[in-house]
Amino acid sequence: MFVSSRRLTFLDYFRTPYQVARPVTGSGIEQLKARAGGAALLWPIAGTASPAVAATVQGADGETGIPIFASVVSDDIAESLLGERSGRWSPARTVVGAHGEPLAAIWHGEDGSVFLPFDPDEVIVNYWSERYTQIARGPHARRFRQELMAFYYRLRPLLPRSLQIWLRRHPSPAGPLRHASTNSSS
Amino acid sequence: MFAILVEIAGEPVPYIAAWPGGHTWALVLTHDVERATGWAELDPVLDLERSHGLRSSWNLVPQRYEIDDDYVRALVAEGFEIGVHGLHHDGRDLESLATVRKRLPAIRDAAERWGAVGFRSPAMHRHPEWMPLLGFDYDSSCPDTDPFEPQAGGCCTWLPFFNQDMVELPVTLTQDHTLFVILRHNDEAEWVRKAEFLRKRGGMALLDTHPDYLVDERIFRAYGRFLDRYAQDATAWRALPREINAWWRRRAASHLEPQGAGWQVIGPADGEARVELCDGGGGEQRVRRLQSREAKPMKVWIDIENPPQVQYLLPFREAFQAVGVDTVITARDYGSTVEMLEGLGIEAEVFGGLVGRGKLRKVAAGGLRAFELERFLVRAGKPDVVLAASRPAAMAAWRLGIPSYQIADYEHADVRIARFTDSTILHPEVIDPAVFVRQGVRTDRLIAFKGLKEDLTFAGVDIDAIAPYDIGIVPEHAVRVLFRPPSETSHYYQRASTTMARATLERLAQAGAFVVFSPRDPKQVALLEGLPWRHRPITLTRPVPFVSLLKSVDVVVCSGGTMLREAAYLGIPAYSIFRSEIGAVDRWLEHIGRAKLIATSKDLSSIELTPRGPLDRLDSNPQLLEEIIAIVISPAARTSRLSSRLLKRR
């Protein structure tokens, strides 16, 4: 049904039929097209983007959005990548950072093609592997938390049960976990 | 993402459904036994699950308490599963890679001894990159989302996924300790809420409870009520984690290949996997968009064989037309079928009539009717698909090479014709699909729908606006009873049904009921003769609009059939004296208190002859008409491999 420039986790996961055909020349962009041709789904190849960040793809209403944790390419780079392709492109959805600042955009081509400024596989894998906690808090905070948890378990036999339960009732700061929780239940 | 893919493809995008057979979601029960006190309290939980016909997985800690391996083997032999729950459960089993390596041999030793293929980390401690090193087929140490665990987070999915070559089964329902102790809930409402959320979206509801905490009567009762709710849910795949793991591997090793205008599953999941289509939209809008791609209007053939089918199949005519689909109606001259259609201004092509008893006669008449239908449809223009509850229609559709959708709400009817003609059976979800599978129907030819076929019958009907039928002068204080004798020509008819009908009428006569007799065959009036009537019964000799008729009585007594279900649906006291095998729908109506099934003549005294209260519609699925239309007109459905789950995902 589709032809992709590389294996795609999303399609493998849902067992949607597709073939892999490497493009003859590199363009900095991966692509998925229908076998019959026409519009394509595009995204940057690995290494084009900056380190992974916590971001949100804004909804059409500008309010609701889909949280993602991935490397994103800025509009400048996107324009440069898309400039090598035919047709007109324009930003359609904004991707904002943790504080609401614009980071990038999802672009639509006049032929119906869509350019994602991130690798969709990376988004999936960062959720499954819970790497998003590290992306949002940073590696040091994560390591500190792991050490704190190890310390807690060594100390736990000495802690009264009521204190243990009190600590469980006051979970870690929301941040990325709220992101994840929202995503999982919405 | 699917929306983008559909736009690119310009057509619905196929994928292999998450769950095998006719199941639309999965329910997995697991337990972690944390301490010796938990190990000592297994029996009440095991007994509770056995009483519901359920099995679960038990994750044991090899070196924290003494474990009787013989007992473990007995549990496995009984169908329960054993998994490994760390080594010491001291919070340090996965503290560091060095600790993992040190403890792994003893963990593996326990796994080999118990035949365990699954792992649950103590306190859900996890390092996704280390878990595959443990050597288990699956891990279940990660919640979908849980901010209250010592290691907060989650994998943000409610479906299994691969972590390298290990399958990860997310824990998707809140753990008992978290729910009842940390969050101070008092009942199972949150479990039900999340389970319903997952049920609606086709997810996996995986629950982790502990015998250590189930000793609390409050939690135990909540768990029992949760099991009550889902133990009979025909849409749920109630599987052990190891079964989910094995299925997920078969699914991942399978792929789709084009077959005709549809898709076929190739690989180890063939025969149990279903192909679904995503069109990126939802509801009515989705239906219309699919339809707009057709070069010419689609034509759906509806075949109506008996009066009840007029009630639940005819609403499709208008509903199809509303989404731009043409219809062609055929009918059988049986009972008041044709008269009812004419009364509604429907011009139907009529083929066949009353057949009578006898298998050979039925087969011959069915074959002849199928031949006539086929000949007519070739002449009139071949339809794209048939929707019916009719064997001749299924045969004609098979000869014409068009998909056939058969609505079935009585699982003990003979479905061999549906099987041989490769028809898809649409059935209420309260019917266990295994009954059809045992008759040889392929699982990918079964689509369970939420609700009852009466949701179709009453779709858009304003009950309050319909006046009761005038049954004449009712004697003072007499209770009005609508009585429907058995169908003596159906293939599942038993003579005992007629004997029971006669005994019931005798009881009604003695009790002074005012009986409105609705025979299926004029000859059945003989049943009324020679009984000690205090009030002379009236016999219906012509078709009466069914809602109007039902509204005119206090009680309905039927030998099974549609009238019983319609009465129960409207909240009219309904009694079944059906003597053939009872169907799941009737059992369910009794379970929810809307019908009473009378097994023997001794139980006839349980018929309560009192004036009824106001009507109370069931409305078990107000969207059923639209859902079935979406199934029938989906292009992929017309190439035959599709399930309803996609359509429920809105």
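None of the values given here were measured: they were computed from a predicted structure.

### A word on the overall build of chain A
Reasoning step 1: Secondary structure summary: chain A contains seven helices and nine strands in total.
Reasoning step 2: Long-range pairs, those at least 24 residues apart, make up 54% of the contacts in chain A between residues at least 6 apart in sequence.
Reasoning step 3: Carbon and sulfur atoms provide 56% of the accessible area of chain A, an area that totals close to 9,600 Å².

### Points about the pattern of salt bridges
Residue and element names in this part refer to chain B.
Reasoning step 1: According to the stated counting rule, one finds 42 salt bridges over all chains in the structure shown.
Reasoning step 2: Among the salt bridges present, the one from Arg35 reaches Glu34, with a minimum N-O distance of 3.9 Å.
Reasoning step 3: Residues Glu95 and Arg92 are paired through a salt bridge, measuring 3.4 Å at the closest nitrogen-oxygen approach.
Reasoning step 4: Looking at Arg92, the relative accessible area reads 29%, which means it is partly exposed.

### Section: helix α1 (residues 2–9) of chain B
Reasoning step 1: Counting buried residues in α1(B) gives six out of eight residues, a clear majority hidden from the surface.
Reasoning step 2: At the C-terminal side of α1(B), B:Gly10 shows a positive phi close to 75 degrees.

### With respect to the sheet that holds strand β22 (residues 514–517) of chain B
Residues and elements named next belong to chain B.
Reasoning step 1: The six strands lie next to each other as β23-β22-β21-β24-β25-β26, forming an open sheet whose pairing is parallel. The two strands at the open ends of the sheet, each matched to only one other strand, are β23 (538–539) and β26 (596–597).
Reasoning step 2: When strand β24 (residues 555–558) meets strand β25 (residues 574–576), the two strands line up parallel, connected through three bridges. Bridging across to β25, Cys558 finds its partner in Ser576.
Reasoning step 3: Lying on the sheet, helix α20 (residues 495–510) is in contact with β21 (480–484), β22 and β24; it crosses β21 at an angle near 170 degrees.
Reasoning step 4: Set on the sheet, helix α22 (residues 562–570) makes contact with β21, β24 and β25; between it and β25 the angle comes to about 150 degrees.

### Examining the packing of helix α15 (residues 359–380) of chain B against helix α16 (residues 391–400) of chain B
Residue and element names in this part refer to chain B.
Reasoning step 1: The geometry of α15 relative to α16 is characterised by a closest axis approach of 8 Å and an angle of 50 degrees between their N-to-C directions. Here α15 lies oblique to α16, going by the angle between them. Here the hand of the crossing between α15 and α16 comes out right-handed. The segment α15 lies against α16, with Gly366, Gly367, Arg369, Ala370, Leu373, Glu374, Leu377 and Val378 engaging Pro392, Ala393, Met395, Ala396, Arg399 and Leu400.
Reasoning step 2: Looking at the contact of α15 with α16 residue by residue, the class counts come to nine nonpolar, two polar and three charged.

### Let's talk about helix α6 (residues 161–169) of chain A
Because an α-helix completes one turn every 3.6 residues, residues spaced three or four positions apart along the sequence face the same direction.
Reasoning step 1: Regarding α6(A), the residues found buried are A:Gln164, A:Ile165 and A:Arg168. Projected down its long axis, α6(A) shows its buried positions confined to an angular sector of 95 degrees, all on one face.

### Quick word on the confidence of the model for chain B
Residue and element names in this part refer to chain B.
Reasoning step 1: The share of residues in chain B with pLDDT of 70 or more is 94%, and the mean pLDDT across the chain is 88.
Reasoning step 2: Mean pLDDT values for the elements of chain B range from 33 in helix α11 (residues 283–292) up to 98 in strand β3 (residues 57–60).
Reasoning step 3: Of the regions scoring below 50 in pLDDT, residues 282–295 engages in 32 contacts with residues more than four places distant in sequence or in other chains.
Reasoning step 4: Complex prediction metrics read pTM 0.59 and ipTM 0.85.

### Quick word on the packing of aromatic side chains
Reasoning step 1: Inspection of the entire model under this criterion finds 30 aromatic pairs over all chains.
Reasoning step 2: Considering the side-chain rings of A:Phe14 and B:Phe2, the 5.0 Å spacing of their centres and the 70 degrees angle between planes classify their relative orientation as edge-to-face. With A:Phe14 in helix α1 (residues 9–14) and B:Phe2 in helix α1, the pair connects residues from two separate chains.
Reasoning step 3: Look at B:Phe2 and B:Tyr15: their rings are 5.3 Å apart centre to centre, the planes differ by 40 degrees, and that puts the pair in the tilted class. Of this pair, B:Phe2 sits in helix α1 while B:Tyr15 sits in strand β1 (residues 13–16); the two residues are 13 residues apart in sequence, bridging distant segments of the chain. Note on accessibility: B:Phe2 and B:Tyr15 belong to one class, buried.
Reasoning step 4: Ring pairing ties together the aromatic residues A:Phe10, A:Tyr13, A:Phe14, A:Trp128, B:Phe2, B:Tyr15, B:Trp19, B:Phe161, B:Trp237 and B:Trp248, which thus form one cluster.
Reasoning step 5: When the ring centre of B:Phe197 is taken as reference, the NZ or CZ atom of B:Arg201 above it lies at 3.9 Å.
Reasoning step 6: Directly above the ring of B:Tyr334 sits B:Arg332, whose terminal nitrogen or CZ lies 4.4 Å from the centroid.

### Some points on the nonpolar core
Reasoning step 1: Counting residues in hydrophobic clusters, the biggest one holds 124 residues, and the most contacted among them are A:Phe2, B:Trp19, B:Trp58, B:Leu60, B:Tyr223, B:Phe226 and B:Ile244.
Reasoning step 2: It is helix α9 (residues 217–230) of chain B that contributes the most residues to this core, seven residues altogether.
Reasoning step 3: Counting residues in hydrophobic clusters, the runner-up holds 38 residues, among them B:Ile463, B:Cys558, B:Met563 and B:Ala567.

### Overview of the interface of chain B and chain A
Interface size is often expressed as the accessible area that is lost when the parts come together.
Reasoning step 1: With 53 residues of chain B at the contact, the number on the chain A side is 42 residues.
Reasoning step 2: When chain B packs against chain A, close to 4,300 Å² is buried across both sides, 62% of that on carbon and sulfur atoms.
Reasoning step 3: When the buried surface of chain B facing chain A is broken down by residue, B:Met1, B:Ile8 and B:Cys156 rank first, second and third, together holding 16% of it.
Reasoning step 4: Taken together, chain B and chain A are joined by one salt bridge.
Reasoning step 5: A salt bridge links B:Arg126 to A:Glu130; its shortest N-O distance comes to 2.6 Å.
Reasoning step 6: The interface formed by chain B and chain A contains 12 residue pairs in polar contact (both at pLDDT 80 or more).
Reasoning step 7: Those elements that provide at least two residues to the side of chain B that touches chain A are α1, β1, β7 (161–163), α6 (176–182) and α10 (241–252) of chain B.
Reasoning step 8: Here the element with the most residues in the side of chain B that touches chain A is α1(B); it accounts for five residues.

### Regarding the pairing of strand β17 (residues 385–388) of chain B
Residue and element names in this part refer to chain B.
Reasoning step 1: The alternating pattern of β17 places Val385 and Leu387 and Val386 and Ala388 on opposite faces, both of which are buried.
Reasoning step 2: With four bridges connecting them, strand β14 (residues 299–304) and β17 associate as parallel partners. Residue Asp303 lies in a different strand from β17, and its bridge partner there is Ala388.
Reasoning step 3: In this structure, β17 lies alongside strand β18 (residues 404–407), joined through three bridges in parallel fashion. Following the sheet pairing, Val386 is matched in β18 by Ser404.
Reasoning step 4: Taking the sense of rotation as the criterion, the β-α-β connection linking β17, α16 and β18 turns out right-handed.

### Some words on the packing of helix α7 (residues 189–201) of chain B against α9(B)
All names here are of chain B.
Reasoning step 1: At a minimum axis separation of 11 Å, α7 and α9 run at an interaxial angle of 25 degrees. By the criterion of interaxial angle, the relationship of α7 to α9 is roughly parallel. α7 and α9 meet at a crossing whose hand is right-handed. Along its contact with α7, which presents Trp191, Val192, Ala195, Glu196 and Arg199, the element α9 presents Ala222, Tyr223, Phe226, Arg229 and Tyr230.
Reasoning step 2: Within the contact of α7 with α9, the residues separate by chemical class into seven nonpolar, no polar and three charged.

### Some remarks on the sheet that holds strand β19 (residues 424–428) of chain B
Residue and element names in this part refer to chain B.
Reasoning step 1: Spatially, the seven strands line up as an open sheet ordered β16-β15-β14-β17-β18-β19-β20, and their pairing is parallel. The sheet is open, and its two edges are formed by β16 (349–353) and β20 (446–449), each paired on a single side. Adjacent strand axes in the sheet meet at a mean angle of 20 degrees, parallel and antiparallel pairs treated alike.
Reasoning step 2: Where β14 meets strand β15 (residues 326–333), six bridges bridge the pair, whose relative direction is parallel. Opposite Ile304, over in β15, you have Ala331 as the bridge partner.

So, how was this worked out
- Residues numbered from 1 in each chain as written.
- Chains lettered and ligands numbered in written order.
- Predicted model: local features only at pLDDT ≥ 70, side-chain atom pairs only at ≥ 80, totals over all residues.
- Heavy atoms only, no water.
- Helix = DSSP H or I, 4+ residues; strand = E, 2+ residues; numbered from the N terminus.
- Contact = heavy atoms within 4.5 Å.
- Areas by Shrake-Rupley, 256 points an atom, 1.4 Å probe, with all protein chains shown as cover.
- Salt bridge = Lys/Arg side-chain N within 4 Å of Asp/Glu carboxyl O.
- Buried < 20%, exposed > 50% of the residue type's maximum accessible area, 1.4 Å probe, protein only.
- Pairing = 2+ DSSP bridges.
- Axes fitted to C-alpha atoms, helices over the stretch in contact; angles between N-to-C directions.
- Parallel < 35°, antiparallel > 145°, perpendicular 65-115°, else oblique.
- Left-handed = near helix turned anticlockwise from the far one by under 90°.
- Nonpolar A, V, L, I, M, F, W, Y, C, P; charged D, E, K, R; others polar.
- Arc of directions from axis to C-beta.
- pLDDT = per-residue confidence, 0-100.
- Phe/Tyr/Trp six-rings, centres within 6.5 Å; stacked < 30°, edge-to-face > 60°.
- Lys NZ or Arg CZ within 6 Å of the ring centre and 35° of its normal.
- Core = buried A, V, L, I, M, F, W, Y, C linked by side-chain atoms within 4.5 Å.
- Buried area = accessible area lost by both parts, 1.4 Å probe.
- Polar contact = N/O pair within 3.5 Å; in protein donor to acceptor, adjacent residues only side chain to side chain.
- Right-handed = clockwise from strand over helix to strand, strands pointing away.

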